[in-house]
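These are the residues of each chain, in order.
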Amino acid sequence: MTTISGNRGPLIEEPLIFEQATPGRCGVDWEKPAAYEDRLGGLRKKGKIGLPDIAEPTVIRHYTRLSQKNVGIDTVFYPLGSCTMKYNPRLNEKTARLPGLSQAHPFQPVSTVQGALELMDQCAHWLKVLTGMPAVAMSPAAGAHGEFCGLMAIRAAIEARGEGDKRLKVLVPESAHGTNPASAAICGFSVESIPANDRGRVDLAALKAKLGPDVAAVMVTNPNTCGLFEDEVLEISKAVHDAGAYFYCDGANYNAIVGRVRIADLGVDAMHINLHKTFSTPHGGGGPGAGPTVLSEALAPFAPVPYVVHDDKGFRLVEHAHESEGKPCGRLKGFHGQFGVMVRALSYMMALGADGLRQCAEDAVLNANYLLAQLKDELTPSFEGPCMHEALFDDRFLKDTGVTTLDFAKALIDEGFHPMTMYFPLVVHGALLMEPTETESKATLDKFVASVKGLARQAKEGNSADAFKAAPIYAPRRRLDETAAARTPVLRWKDQAAE
Ligand SMILES: *Cc1c(COP(=O)(O)O)cnc(C)c1O
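A tally of helices and strands in the protein chain yields 14 helices and 13 strands. Computed over the C-alpha atoms, the radius of gyration of the protein chain is 26 Å, within 12% of the 23 Å expected from 2.2 N^0.38 for a compact globule of 499 residues. A principal-axis box enclosing the C-alpha atoms of the protein chain has dimensions of 75 × 75 × 45 Å. A total of 499 residues make up the protein chain; the buried ones form 48% of that total. With an accessible surface of roughly 25,000 Å², the protein chain has 55% of that area assigned to carbon and sulfur atoms. Of the charged side chains in the protein chain, 52 are positive and 59 negative, and the gap between their average positions amounts to 4 Å.

Below, the discussion takes up the site of the ligand. For the ligand, the set of nearby residues contains 13 residues, the closest of which are G143, A144, D250, H276 and K277. Contacts to the ligand include A144, whose backbone N or O atom sits 2.9 Å from an oxygen atom. N274 places a polar side-chain atom, nitrogen or oxygen, 3.0 Å from an oxygen atom of the ligand. Taking 380 Å² as the accessible area of the ligand by itself, protein coverage stands at 86%. Among the elements of the structure, helix 5 (143-160) and helix 9 (275-278) are those that each provide at least two residues to the shell around the ligand. In terms of residues, the shell around the ligand owes the most to one element, helix 5, which gives three residues. Of the residues in the shell around the ligand, the class split is three nonpolar, seven polar and three charged.

Looking now at unusual backbone geometry. N222 connects to P223 through a cis peptide bond whose omega is -10°. Within the secondary structure, P223 is located in the loop between strand 4 (215-221) and helix 8 (233-242). Even without being glycine, T281 reaches a positive phi, approximately 95°. Positionally, T281 belongs in the loop between helix 9 and strand 7 (293-295). Phi angles above zero are rare outside glycine, and D400 is one such case at about 65°. For D400, the location among the structural elements is in the loop between strand 11 (391-394) and helix 11 (405-414). Note on D400: relative accessible area 73%, which makes it exposed.

In spatial order, the strands read 1-7-6-5-4-2-3; together these seven strands make up an open sheet with mixed pairing. Since the sheet does not close on itself, it has two edges, and those belong to strand 1 (135-137) and strand 3 (190-194), each with one partner. The mean inter-strand angle of the sheet, taken between neighbouring strand axes irrespective of direction, is 25°. Alignment of strand 5 (residues 246-250) against strand 6 (residues 270-272), held across three bridges, turns out to be parallel. Within strand 6, the residue paired with C249 across the bridge is M271. Against the sheet, helix 4 (residues 114-131) makes contact with strand 1, strand 6 and strand 7, and its axis sits at roughly 130° relative to strand 1, the strand it touches most. Packing against the sheet, helix 5 makes contact with strand 1, strand 2 (169-173), strand 4, strand 5, strand 6 and strand 7, and its axis sits at approximately 175° to strand 5.

Before going further, it helps to spend a moment on the pattern of salt bridges. Within the structure shown, the criterion is met by 26 salt bridges. D38 is the salt-bridge partner of R44, the closest N and O atoms lying 3.8 Å from each other. Between R316 and D311 there is a salt bridge whose closest N-O contact spans 3.3 Å. By relative accessible area, R316 is classed as partly exposed at 37%. Judged by relative accessible area, D311 falls into the partly exposed class, the value being 27%. Beyond isolated ion pairs, a larger network of salt bridges with shared partners links K169, E192, K210 and D214.

In terms of residue burial, strand 9 (residues 314-318) counts as a mostly covered element, since four of its five residues are buried. Two strands pair when backbone bridges link them, and strand 8 (residues 307-311) and strand 9 are joined in this way by five bridges, in the antiparallel orientation. Within strand 9, the residue paired with H310 across the bridge is F315. The turn linking strand 8 back onto strand 9 is made up of two residues.

The rules behind each value
- Residues numbered from 1 in each chain as written.
- Predicted model: local features only at pLDDT ≥ 70, side-chain atom pairs only at ≥ 80, totals over all residues.
- Heavy atoms only, no water.
- Helix = DSSP H or I, 4+ residues; strand = E, 2+ residues; numbered from the N terminus.
- Rg over C-alpha atoms; globule rule 2.2 N^0.38 Å.
- Buried < 20%, exposed > 50% of the residue type's maximum accessible area, 1.4 Å probe, protein only.
- Areas by Shrake-Rupley, 256 points an atom, 1.4 Å probe, with all protein chains shown as cover.
- Lys, Arg positive; Asp, Glu negative; His and termini not counted.
- Charge placed at Lys NZ, Arg CZ, Asp CG, Glu CD.
- Near = heavy atom within 4 Å.
- Polar contact = N/O pair within 3.5 Å; in protein donor to acceptor, adjacent residues only side chain to side chain.
- Nonpolar A, V, L, I, M, F, W, Y, C, P; charged D, E, K, R; others polar.
- Pairing = 2+ DSSP bridges.
- Axes fitted to C-alpha atoms, helices over the stretch in contact; angles between N-to-C directions.
- Contact = heavy atoms within 4.5 Å.
- Salt bridge = Lys/Arg side-chain N within 4 Å of Asp/Glu carboxyl O.

Spelled out as structure tokens, the structure:
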């Protein structure tokens, strides 16, 4: 049996390092320790610590092979949607590792970290220039944290208006990322969802019907999670402001419009920018990230502490509300935020320049539309018309084939591609969300298209459901119980466990 691409998934079986151990074997020769006095008051560990006995070459092969099993942007095409940038130039990693930046400590006297503070100030400056917004809170540690920051500022603004006990509701489109309603709820608001229209955008009439004196804010993602630009965004922000509420924009997909759209022109009051999705920083495995939140004139006074200021004595941090000229909504972070991520972001911005950033956005959109155009006849696009940085399909093309979105995704692994995002967003049935990344060449996209089209044909020809259900056959493992792995992880080697 061959695959369409000719690729065969990684096949080497890799036992656990404990299973490769041989009792008594050792990678190094230790000298017997000289006699010493036990200063632990009899608490010294006496039993074995349970590390595997293993030789150096075995260790090296083991970890080198494990590293090669790490499917990622460095090894394969990676069309995972809803996580935006996947290519992170190595230059930014090098910059972030410069000792003066990587080894600075937040407790150092301000006079010794002038460069670090200036860097934060510069990064903030360019975020304000790019978005056209007057203020930015740099401390949020992720997108979700930025949402929380924006909503805290909104709550503070509403309380300052004396409407704190009236405006207790936040409206969120049903296609929103799960963090949006969660952030609103944690901030003490009740959440109501706004339906999507048949074009995959916010239903403006339904939104207007829900707006009233009880609404604090409306949260809209733009481009939204269906990969579409909310083309009625100006009407949305006007309606929100007319109702006395604030307009929150989820900017996780900002990489599709950076350099093309000034966020301030859309009437936005607050928007988090996932630096790790638009301005470099690899963000697999849950972190790190950063979610600086830009704020409008109306919300700027409520920005949280700390923030960097510059005067004739140099740079310093405003750490406490009483030192601030505004009315800070609070503090979100022990120190000042994810400094290393800011270093990468500034490095990325300066390396690319304004024209480069704009071109990244344009290429991301071009690549996604190329996939959409190539696949639209074989697959079923969820909505009509061009997309932004990701192309959304649903599972109508798999109807009556016995093949599901999950089976289709698993078959892509055998083809040597990372699967697209599946079953998100929830507003379409059996979603397949493909985001190709701006740096992919046409040649790579064409190979992927050939495999996806070929698989779609195989599914539709019938009698292939069993083969799809068996996929992936070329990967070292087939269908893992991901829920069990997440809920009841086995983190301890049972036979050798330390006493
Ligand atoms: C990723 C994402 C978030 C959350 O960002 P984190 O940095 O993961 O907390 C919010 N909204 C959308 C649309 C996203 O894609």
